[in-house]
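Analysis of the macromolecular model
Each chain, written out:
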Amino acid sequence: MTVSGDNSETKGIAPTEMIFEPILEHGVFRFDCSVEHRKAASPSVSFKNIKDREVRVISDNVPAYTPTCVCLEEKQVVTFEFSPGTSFYGTGEVGGELERTGKRVFTWNTDAWGYGPGTTPLYQSHPWVLVVLPTGETLGVLADTTQKCEIDLRNEGIIRITAPTAYPIITFGPFSSPTAVLESLSHAIGTVFMPPKWALGYHQCRFSYMSEKRVAEIPADVIWMDIDYMDGFRCFTFDKERFPDPSALANYLHNNGFKAVWMLDPGIKQEEGYSVYDSGSKNDVWVKRADGKPFIGEVWPGPCVFPDYTNSKTRSWWANLVKDFISNGVDGIWNDMNEPAVFNTVTKTMPENNIHCGDDELGGVQNHSHYHNVYGTLMARSTYEGIERADTNKRPFVLTRAGFVGSQRYAATWTGDNLSTWEHLHMSISMVLQLGLSGQPLSGPDIGGFGGNATPRLFGRWMGVGALFPFCRGHSEVATDDHEPWSFGEECEEVCRAALKRRYQLLPHFYTLFYIAHTTGAPVAAPIFFADPKDSRLRTVENAFLLGPLLIYASTLNNQGSHELHHILPKGTWLRFDFEDAHPDLPTLYLRGGSIISVAPPHLHVGEFTLSDDLTLLVSLDKNGKAEGLLFEDDGDGYGYTKGNFLITNYIAEKHSSIVTVKVSKTEGDWQRPKRRVYVRLLIGDGAMLDAWGMDGETIQINVPSESKVSELITTSSERFKVHMENTKLIPEKEMLPGQKELSRLPVELNNGNWKLNIVPWIGGRIMSMSHVPSGVQWLHSRIDINGYEEYSSTEYRSSGCTEEYNIIETDLEHASEEESIILEGDVGGGLVLRRRITTPNDNPNILRIASVIEARSVGAGSGGFSRLACLRVHPTFTLFHPTKSCVSFTSIDGAKHEVWPDSGEKLYEGNNLPHGEWMLVDKSLNLGLINRFDVSQVFKCIIHWDCGTVNMELWSEDRPVSKESPLEIEHEYEVTSFP
């Protein structure tokens, strides 16, 4: 079939090579479709220095890869072709697999609560692809446009980018390594801001802590205040009953070693007398509708106006509000809902024809479609600048949900509203890595999952790996079980304590990595193929990552500990070690040969660290008996490090005969070396170590025993580790209480033909995801316990059928080349059973068929063999990728043609108005349609219901009693079609 993005070929328009010029530095090129397109392109928002994109540099080099382009219907389609065996990464904040070949990504910042592996778009937009060639050489491709963009990687070796005309393509490389590409990218878009050291500790958050008392009792390095601290969700205010004295609370937290981060959303309550609204209206800072009046949208406070951060006057106004807000003892600010999210609208955001009065250097006055993807970044920039104004001696800390290329200059980020499932645990590793590969190294997920209830093992396992992510925060939504490290029983608490202890011991290493990232653009966390880009075995490893020379291997499988995994390691020396804390639920740690990393004593919070603390050096020699490592130290806050107030130490180790010597090779910075002891631990294999003490700055020597003695030490350590892990049990799972539904089990996968489904038998037999493989579209995605594809047994919404546990009666999921099917059956009460057969027929792989029936199984004789009134109600919730370009199209029985758009609200069709056996969800931006065919003799009513980013296309049977001889049935099918 033809899919969106291939339309240039179908229309017979031959693509042409793009024109190029060298910019910025060696190996960087700008491509445009023509000279006219170059002149018409909007200014860059991603580049730190806008002029760098516009100025040609003198160079005789020509690009190794030149893309082609074609312009169709105001869209510019750019295509790169690479050799087979090329791997794609990046594309910013995306779910699913680490390696992106076969995927398609859309950039349009979207509130995507409970997203899945195929959900696109998400909260951030990074039109960027990291291309790793079969040789290991690496190239970066940036589509420098703020507008809605499609990145199509579905065909091997092909990148196809589609966005409104005109925009330039910037390429970086090819260079010898992916790190070199990211460093070159950072010269264009800037590096991550240097975080204050406390921001690298553990952060504890919940939506929402409801009182000073509860907050003050949480043992964490940073406490977060979600939106409920406000007075009626009004930004820059405090609830007078629950937070009567925020400054006193901040002082209490500070005195106990905590920092406090408070939320600020962009939506400002439209209310005269509210000082922020009055001030903003007086200064004319709001985003306007097409008619010039302030746009009003519904969010948490109710009707709200939205600051126009594209304008410098507005950014200054916001920064001054932030400056005053900081005086309450606020240490950092959390910008949420800044896609911007808007409630009660099918697009989940403001209209694309809203008007922004942007600065000329950003693109001038433009509609919202132009600035949507950078709205969150510009809000984060304004917030960052406000914190700077409040205290120039402290580094700002901002966390943003929405972002764009370049947002790392102002803010950290997290991976949005994830779920408490094993799938999301596994996916969180790749998501953090993808953000790092797209220029944003300071990120992490909500540890334990935001939505739903984690089990003890899931939470402990997630904390084990989450404690080693660049940004480490636990967070969960309101009305879920407690998700703090001590909330899941003693076994889980012990694992969480060990995990966080690891993080604090490794803080010198983390802080050094961030200094390197800030000064060079190198990633903090990287996929393990960075250790050897030529090794194709490493390119799809998703449960391991690098922190510099430190390799972390985590288990994301429920019943398998990290020590039971098959660890695929890069070539060379990799030595396992731990902190005498090995546990099946904690990741396994390796240190690359040739490396030295610095380790601190464990503390309860960053403020307890002192320069006189003992310093531990972990040393792993390479095959030549050498190792080196770097340690960066400064005040942990402020900007003294930019004026020489720091100490960089290069440690080296070298083995001569049976002596390993460790010493300082060189230093940088004005600081004097602290007077402290150094504990050197030399890794020799399988967790075994040799050690020695000395003073920092002096030469320290370790005597290495004979080979036989070393072998004996390694064997003993290996056996001790094996026995310890065999005797250490996984965190036990808690028993489910009556009425509770387990959310952490793995769904059943049906994968055949053109369809891939995930089915949850134990909660309503729901289909929680429905992906069409050839088009790369996930038409349906839901959380495990609600929405998705549901069926009910009566006319009431969410009546019996959607939550009961279904049994799998029959399954044929063994052979991908044959027909796959699954039959589920659930008791819906009153002697009725709802049976569903889901099939992908082998004679037509384009079809997904669902046959459902309500049968009477044990209806009492007193009722004459008839059940209660029953109605088979099919209730799928489909995702809208382009809500303003989506509609439902059909021809009714009476021959009338219908095109039903989101602004029509809910529509009901029956009788001769029913669709005549099929209707179609049309996405006119993708040029795709999802056809739903059904038997009109079985369907008595059809309902279309539009919601925020979704549409329900319901099929209803008649409403009547059921007997064994007269079941209610609906058999229907789905097929994806394309059109020019």
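Here the structure is a predicted model, which means the values were calculated and not measured.

1. Details of the overall build of the protein chain
- The number of helices and strands found in the protein chain is 14 helices and 61 strands.
- Taking 30 Å as the expected radius of gyration for a compact globule of 980 residues, we find that the protein chain reaches 29 Å, a close match to that expectation.
- Considered along the principal axes of its C-alpha atoms, the protein chain spans approximately 90 × 65 × 65 Å.
- Per-residue burial over the protein chain gives 62% buried out of 980 residues.
- Sequence-distant contacts, at least 24 apart, represent 68% of the contacts inside the protein chain between residues at least 6 apart.
- Approximately 35600 Å² of the protein chain is accessible, and the part contributed by carbon and sulfur atoms is 48%.
- Separation between the mean location of the 88 positive side-chain charges and that of the 127 negative ones in the protein chain comes to 3 Å.

2. Quick word on the layout of surface pockets
- Its boundaries defined by the atoms lining it, the second largest pocket holds a volume of some 890 Å³.
- Lining the second largest pocket are 34 residues, with Gly96, Glu97, Pro117, Glu423 and Lys756 sitting closest to its centre.
- Among the elements of the structure, strand E7 (104–107), helix H10 (422–437), strand E42 (748–752), strand E43 (755–760), strand E44 (766–772) and strand E45 (777–781) are those that each provide at least two residues to the lining of the second largest pocket.
- Among the elements that take part in the lining of the second largest pocket, H10 stands out by supplying 4 residues, more than any other.
- Of the residues contributing to the lining of the second largest pocket, the split by class is 10 nonpolar, 16 polar and 8 charged.

3. A closer look at the state of the cysteines
- Within the structure shown, the criterion is met by 0 disulfides.
- For the unlinked cysteine cysteine 71, the closest cysteine sulfur is that of cysteine 33, found at 4.2 Å.
- Residue classification places cysteine 71 among the partly exposed positions, given a relative accessible area of 34%.
- In this structure cysteine 942 is not part of a disulfide, and its nearest cysteine sulfur, from cysteine 871, lies 12 Å away.

4. Things to note about the nonpolar core
- Core analysis: the biggest nonpolar cluster contains 164 residues, and Phe172, Tyr229, Trp262, Phe545 and Leu547 have the highest contact counts within it.
- Once you skip the residues sitting within four places of it in the chain, phenylalanine 172 turns out to touch Leu24, Gly27, Val28, Trp128, Thr138, Leu139, Gly140, Leu142, Val181, Ser184, Leu185 and Ala188.
- Among the nonpolar cores identified, the runner-up in size contains 53 residues, and Ile850, Val900, Tyr909 and Val976 belong to it.

5. Here we look at the pairing of strand E34 (residues 595–599)
- Most of E34 sits out of view: 5 of its 5 residues are buried.
- Two elements, E34 and strand E35 (residues 615–620), share 5 bridges in a ladder whose sense is antiparallel. Opposite isoleucine 596, over in E35, you have valine 619 as the bridge partner.

6. Focus on the packing of aromatic side chains
- The tally for this structure, following the rule as stated, stands at 48 aromatic pairs.
- Taken together, a centroid distance of 5.4 Å and an interplanar angle of 90° make the contact between tyrosine 309 and tryptophan 318 edge-to-face. Comparing tyrosine 309 with tryptophan 318, the two get one shared label, buried.
- Their ring planes at 80° and their centres at 6.4 Å tell us that tryptophan 779 and phenylalanine 881 sit as a pair that is edge-to-face. Taken together, the residues span a long stretch of sequence, with tryptophan 779 in strand E45 and phenylalanine 881 in the loop between strand E52 (873–879) and strand E53 (886–891) at a distance of 102 residues.
- Each residue in the set Tyr229, Phe236, Phe238, Phe243, Trp262, Tyr277, Trp286, Tyr309, Trp317, Trp318, Phe325 and Tyr375 is aromatic and connected to the rest through ring pairs, giving one cluster.
- A cation over a ring is seen here: arginine 473 above tryptophan 414, with NZ or CZ 5.0 Å from the ring centre.
- Above the face of the phenylalanine 510 ring, arginine 503 is positioned so that its terminal group lies 4.5 Å from the ring centre.

7. Considering the UniProt feature "domain: DUF5110" (unreviewed entry) in the protein chain
- Taken from the UniProt record, the annotation "domain: DUF5110" (unreviewed entry) applies to residues 615–682.
- Across residues 615–682, helical content stands at 0% and strand content at 59%; the span's end C-alpha atoms are separated by 14 Å.

8. As for the packing of H10 against helix H11 (residues 456–466)
- Closest axis-to-axis distance for the H10/H11 pair is 10 Å, and the angle between their directions is 5°. Our classification of the angle between H10 and H11 gives roughly parallel. Contacts between H10 and H11 pair Trp422, His424, Leu425, Ser428 and Ile429 from the former with Arg457, Leu458, Arg461, Trp462 and Val465 from the latter.
- Of the residues in the contact of H10 with H11, the class split is 6 nonpolar, 2 polar and 2 charged.

9. Overview of the sheet that holds strand E50 (residues 848–856)
- Across the sheet, 9 strands lie side by side as E47-E48-E49-E50-E61-E57-E56-E53-E54; this open sheet has antiparallel pairing. Each end of this open sheet is capped by a strand with a single partner; those strands are strand E47 (806–812) and strand E54 (897–900). Strand-to-strand twist in this sheet, taken as the mean axis angle between neighbours without regard to direction, amounts to 15°.
- Bridge count between E50 and strand E61 (residues 968–978): 7 bridges; the pairing is antiparallel. The partner of arginine 849 across the bridge, within E61, is glutamate 973.

10. Describing the packing of H11 against helix H12 (residues 490–505)
- Taken N-terminus to C-terminus, the directions of H11 and H12 make an angle of 5°; their axes are 8 Å apart at the nearest point. By the angle between their directions, the pair H11 and H12 is classed as roughly parallel. Across the interface between the two elements, Pro456, Phe459, Gly460, Met463, Gly464 and Gly466 from H11 touch Cys492, Val495, Cys496, Ala499, Leu500 and Arg503 from H12.
- Of the residues belonging to the contact of H11 with H12, the class tally is 8 nonpolar, 3 polar and 1 charged.

11. A word on the environment of isoleucine 659
- With respect to the helices and strands, the residue isoleucine 659 is situated in strand E38 (residues 659–668).
- On the basis of relative accessible area, isoleucine 659 is assigned to the partly exposed category, the value being 22%.
- Measuring from C-alpha to C-alpha, the distance between isoleucine 659 and isoleucine 850 comes to 72 Å, with 191 residues separating the pair along the chain.
- Filtering out sequence-adjacent residues up to four positions away, isoleucine 659 remains in contact with Glu654, Gln701, Ile702 and Asn703.

12. Brief notes about unusual backbone geometry
- Following threonine 120, the chain continues into proline 121 via a peptide bond in cis, with omega recorded as 5°.
- Relative to the elements of secondary structure, proline 121 occurs in the loop between E7 and strand E8 (124–125).
- For the bond from threonine 165 to alanine 166, the omega torsion is -5°, close enough to zero to count as cis.
- Counting through the fold element by element, alanine 166 comes out in the loop between strand E12 (158–164) and strand E13 (169–175).
- Unlike most non-glycine residues, asparagine 344 shows phi in positive territory, near 55°.
- If you trace the backbone, asparagine 344 turns up in the loop between strand E20 (332–335) and strand E21 (355–357).
- A relative accessible area of 66% means that asparagine 344 is categorised as exposed.
- The backbone of arginine 798 sits at a positive phi, close to 60°, despite the residue not being glycine.

Reading guide: rules and limits
- Residues numbered from 1 in each chain as written.
- Predicted model: local features only at pLDDT ≥ 70, side-chain atom pairs only at ≥ 80, totals over all residues.
- Heavy atoms only, no water.
- Helix = DSSP H or I, 4+ residues; strand = E, 2+ residues; numbered from the N terminus.
- Rg over C-alpha atoms; globule rule 2.2 N^0.38 Å.
- Buried < 20%, exposed > 50% of the residue type's maximum accessible area, 1.4 Å probe, protein only.
- Contact = heavy atoms within 4.5 Å.
- Areas by Shrake-Rupley, 256 points an atom, 1.4 Å probe, with all protein chains shown as cover.
- Lys, Arg positive; Asp, Glu negative; His and termini not counted.
- Charge placed at Lys NZ, Arg CZ, Asp CG, Glu CD.
- 1 Å grid on protein atoms, 1.4 Å probe; cavity = no way out; pocket = protein on both sides within 12 Å on 5 of 7 lines; lining within 4 Å.
- Points joined across faces, edges and corners; volume = space filled by probe spheres on them.
- Nonpolar A, V, L, I, M, F, W, Y, C, P; charged D, E, K, R; others polar.
- Disulfide = S-S within 2.5 Å.
- Core = buried A, V, L, I, M, F, W, Y, C linked by side-chain atoms within 4.5 Å.
- Pairing = 2+ DSSP bridges.
- Phe/Tyr/Trp six-rings, centres within 6.5 Å; stacked < 30°, edge-to-face > 60°.
- Lys NZ or Arg CZ within 6 Å of the ring centre and 35° of its normal.
- UniProt positions renumbered as here; feature names shortened; annotations may be inferred.
- Axes fitted to C-alpha atoms, helices over the stretch in contact; angles between N-to-C directions.
- Parallel < 35°, antiparallel > 145°, perpendicular 65-115°, else oblique.

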